[in-house]
Amino acid sequence: MGHTLREAVLKLFTDTEGYLSGECISDQLGCTRAAVWKQVTELRRLGYRIDAIPRKGYRLVTRPDVLVPDEIKCFNQSEEIGQTIRYVDVTPSTQTLAHGWAEEGAGHGALVVADEQTGGKGRLGRSWHSPPGSGIWMSLILKPTMPLMHTPHLTLLISVAVTRVLRQATGAAVEIKWPNDLLIGGRKVCGVLTEVRAEADQIHYCVAGIGINVHPLSHQLPQQLRSQTITLSEVTEQSLHRAELVAACCEEIEQLMQLYDEKGFSPVKTLWETYACMLDRWLTVHTATGMRTGQALGLDQSGALLLETDSGIETIFSADITLKG
Ligand code: BTN
């Protein structure tokens, strides 16, 4: 009960601009004023600044930048995505936790979030630097209805959703580098790693890992990564609250998945191409079969990249890409 009441008190404070009397809160939530006071004390201990004025009541003034479930739920208005949350302060990788939870039967939209990862995983076997308090390290368990061969659509859809959220939150020109690197001014601000478990042609579940660099982390970064990486706080004056960003990502992913179910890949493809930073630019593409240079034309219907080279148009399914110039 304590936990649920805290969630309800916090939600009420979040949705109310002015002061709320203890009586009003206890009436609305069906609890005693002593119970309200207990929750206010507990919230203050957790870092929430709550003003109290005799005869007027309480008002939430500032909130801590934490990723705990109560905080995310205050903002998340989606129906399914991010409504069930597992939070840990520190873990090797939220991907691993999410796979374990999915195997135990977690439903569509279940979310794992951590404040710090000690063994964060990136694409192509790379590691992902995830220091405490600096970013959003989250993995979503998704159970899409698309056939296995269309899984690349999901990765592109998630990149589009997060791009839209980050653009909205910061006003910065966030761009996508195929397939799913999010860049600001050519430097990486977010990476997406989708891992699928499937049987025959049927997707059993997908774990979509999203890593967003929010607060400065350069002093903790290996030297060679510093010039290639950027954080949201470096490009905006807006105060950034990680739980709100997580909630916005959940809502946007849910909306785009609904759009995909109704209209197929086309609208997502168009949005992806709008945000892509690489169309018509010269690229070097490193694939398992070697390296080539060409100009990106766009995506084909499978989500693969179409590259115009000297020897014709090539379809790139998996690669590491370097933008020229
Ligand atoms: C990439 O750009 O290489 C993908 C990076 C994905 C990082 C995220 S952080 C949350 C989730 N847990 C992980 O270990 N990796 C993903």
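Residues numbered from 1 in each chain as written. Predicted model: local features only at pLDDT ≥ 70, side-chain atom pairs only at ≥ 80, totals over all residues. Heavy atoms only, no water.

1. Considerations on the overall build of the protein
Quick reminder of the rule: Numbering of helices and strands starts at the N terminus; helices are DSSP runs of H or I of at least 4 residues and strands are runs of E of at least 2. Between the two quantities, the radius of gyration covers C-alpha atoms and the globule rule is 2.2 Å times the number of residues to the power 0.38. Each residue gets one of three labels from its accessible area relative to the maximum for its type: buried under 20%, exposed over 50%, partly exposed in between, using a 1.4 Å probe on protein chains only. Residues count as neighbours in contact if any of their non-hydrogen atoms are within 4.5 Å of one another. Where accessible areas are quoted, they stem from the Shrake-Rupley method and a 1.4 Å probe; at the residue level, only the protein chains shown are allowed to cover. Just so you know, the count uses Lys and Arg for positive and Asp and Glu for negative, and it drops His and the chain ends. A single reference atom marks each charge: NZ on Lys, CZ on Arg, CG on Asp, CD on Glu.
Counting secondary structure elements, the protein contains nine helices and 14 strands. Taking 2.2 N^0.38 as the reference for a compact globule, 325 residues should give roughly 20 Å; the C-alpha atoms of the protein span a radius of gyration of 22 Å, in line with that estimate. When its C-alpha atoms are laid out on the principal axes, the protein stretches across 80 × 45 × 35 Å. Looking at the protein as a whole, 49% of its 325 residues qualify as buried. Taking all contacts inside the protein whose residues are at least 6 apart in sequence as the whole, residues at least 24 apart take part in 62%. Surface exposure of the protein reaches about 15,300 Å², of which carbon and sulfur atoms provide 49%. Measuring between centres, the 30 positive side-chain charges of the protein sit 6 Å from its 37 negative side-chain charges.

2. With respect to the sheet that holds strand β9 (residues 202–213)
Quick reminder of the rule: A pair of strands is labelled paired if DSSP reports no fewer than 2 bridges between them. Comment: axis = line fitted to C-alpha atoms, over the contacting stretch for helices; angle = value between 0 and 180 degrees taken between N-to-C directions.
Taken in spatial order, the seven strands of this open sheet run β3-β4-β5-β9-β8-β7-β6, and their pairing is mixed. At either end of the open sheet lies a strand with only one pairing partner, and these are β3 (85–91) and β6 (174–177). For this sheet, the mean inter-axis angle between neighbouring strands, taken without regard to orientation, is 20 degrees. Together, β4 (111–117), β5 (135–142) and β9 form the strand contacts of helix α8 (residues 242–263), whose direction differs from that of β5 by roughly 30 degrees.

3. Let's talk about the sheet that holds strand β12 (residues 305–309)
If you trace the five strands from one edge of the open sheet to the other, you get β13-β12-β11-β10-β14, paired in antiparallel fashion. Each end of this open sheet is capped by a strand with a single partner; those strands are β13 (312–316) and β14 (320–323). Across the sheet, the axes of successive neighbouring strands diverge by a mean angle of 45 degrees, strand direction being ignored. As paired strands, strand β10 (residues 282–287) and β14 are joined by four bridges and run antiparallel to one another. If you follow His 286 over to β14, its bridge partner there is Asp 320.

4. What to know about the nonpolar core
Under the convention used in this document: Working definition of a nonpolar core: buried Ala, Val, Leu, Ile, Met, Phe, Trp, Tyr and Cys residues. They are joined through side-chain atoms within 4.5 Å.
Of all hydrophobic cores here, the largest spans 64 residues; its most connected members are Ile 158, Leu 166, Trp 178, Ile 212 and Met 278. Beyond its immediate chain neighbours, meaning those up to four positions away, Ile 212 contacts Gly 135, Ile 136, Trp 137, Val 162, Leu 166, Val 189, Cys 190, Leu 232 and Cys 249. Among the nonpolar cores identified, the runner-up in size contains 19 residues, and Val 40, Tyr 48, Leu 60 and Cys 74 belong to it.

5. Notes on the pairing of strand β1 (residues 49–53)
One ladder, built from five bridges, connects β1 with strand β2 (residues 57–62); its direction is antiparallel. The residue bridging Ala 52 from the neighbouring strand is Tyr 58, located in β2. With antiparallel pairing between neighbouring strands as the criterion, β1 and β2 make up a hairpin whose turn holds three residues, including Arg 55 at a positive phi of roughly 70 degrees.

6. Points about the site of the ligand
Defined as follows: Proximity criterion: a residue is near a molecule or strand once any of its heavy atoms comes within 4 Å of it. Polar contacts, as used here, are pairs of N or O atoms within 3.5 Å; protein pairs need one atom able to donate a hydrogen and one able to accept it. Residues neighboring in sequence count only if both atoms are side-chain atoms. Here a cavity denotes a set of grid points, spaced 1 Å apart and computed over the protein atoms alone, in which a 1.4 Å probe fits but from which it cannot get out, and a pocket denotes an open set meeting protein on both sides within 12 Å along at least five of seven lines; residues with an atom within 4 Å of a point are reported as lining. Cavities and pockets are treated as containing a molecule whenever more than half of the molecule's atoms lie within 2 Å of their grid points. Under the scheme applied here, ten amino acids are nonpolar (Ala, Val, Leu, Ile, Met, Phe, Trp, Tyr, Cys and Pro), four are charged (Asp, Glu, Lys and Arg), and all others, including Gly, are polar.
Inspection of the region around the ligand gives 20 residues, with Ser 93, Gln 117, Lys 121, Arg 123 and Lys 188 positioned closest. At 2.9 Å from a nitrogen atom of the ligand is found a side-chain nitrogen or oxygen belonging to Gln 117. When isolated, the ligand has an accessible area of 410 Å², and the protein chains bury 98% of it. Given that more than half its atoms are within 2 Å of the pocket grid, the ligand belongs to the largest pocket. Element by element, the count of residues in the shell around the ligand is highest for strand β8 (residues 187–199), at four residues. Considered class by class, the residues forming the shell around the ligand number six nonpolar, ten polar and four charged.

7. Description of the packing of helix α6 (residues 151–170) against α8
For clarity, the cut-off: Roughly parallel covers angles under 35 degrees, roughly antiparallel covers those over 145, roughly perpendicular covers 65 to 115, and oblique covers all other angles. The sense of a crossing depends on the near helix, which, turned anticlockwise from the far helix by less than a right angle, makes the crossing left-handed and, turned clockwise, makes it right-handed.
Direction vectors running N to C along α6 and α8 enclose 135 degrees, while the axes themselves pass 9 Å from each other. By the angle between their directions, the pair α6 and α8 is classed as oblique. Classified by chirality, the crossing of α8 by α6 is right-handed. For the pair α6 and α8, the contacting residues are His 153, Leu 154, Leu 157, Ile 158, Val 160, Ala 161, Val 162, Arg 164, Val 165 and Ala 169 in the first and Leu 245, Ala 248, Cys 249, Glu 252, Ile 253, Leu 256, Met 257 and Tyr 260 in the second. Per-class residue counts for the contact of α6 with α8 are 15 nonpolar, one polar and two charged.

8. A look at unusual backbone geometry
A cis amide bond links Trp 178 to the next residue, Pro 179, at an omega of -5 degrees. For Pro 179, the location among the structural elements is in the loop between β6 and β7 (181–184). Even without being a glycine, Ala 200 presents a positive backbone phi close to 50 degrees. Relative to the helices and strands, Ala 200 resides in the loop between β8 and β9.

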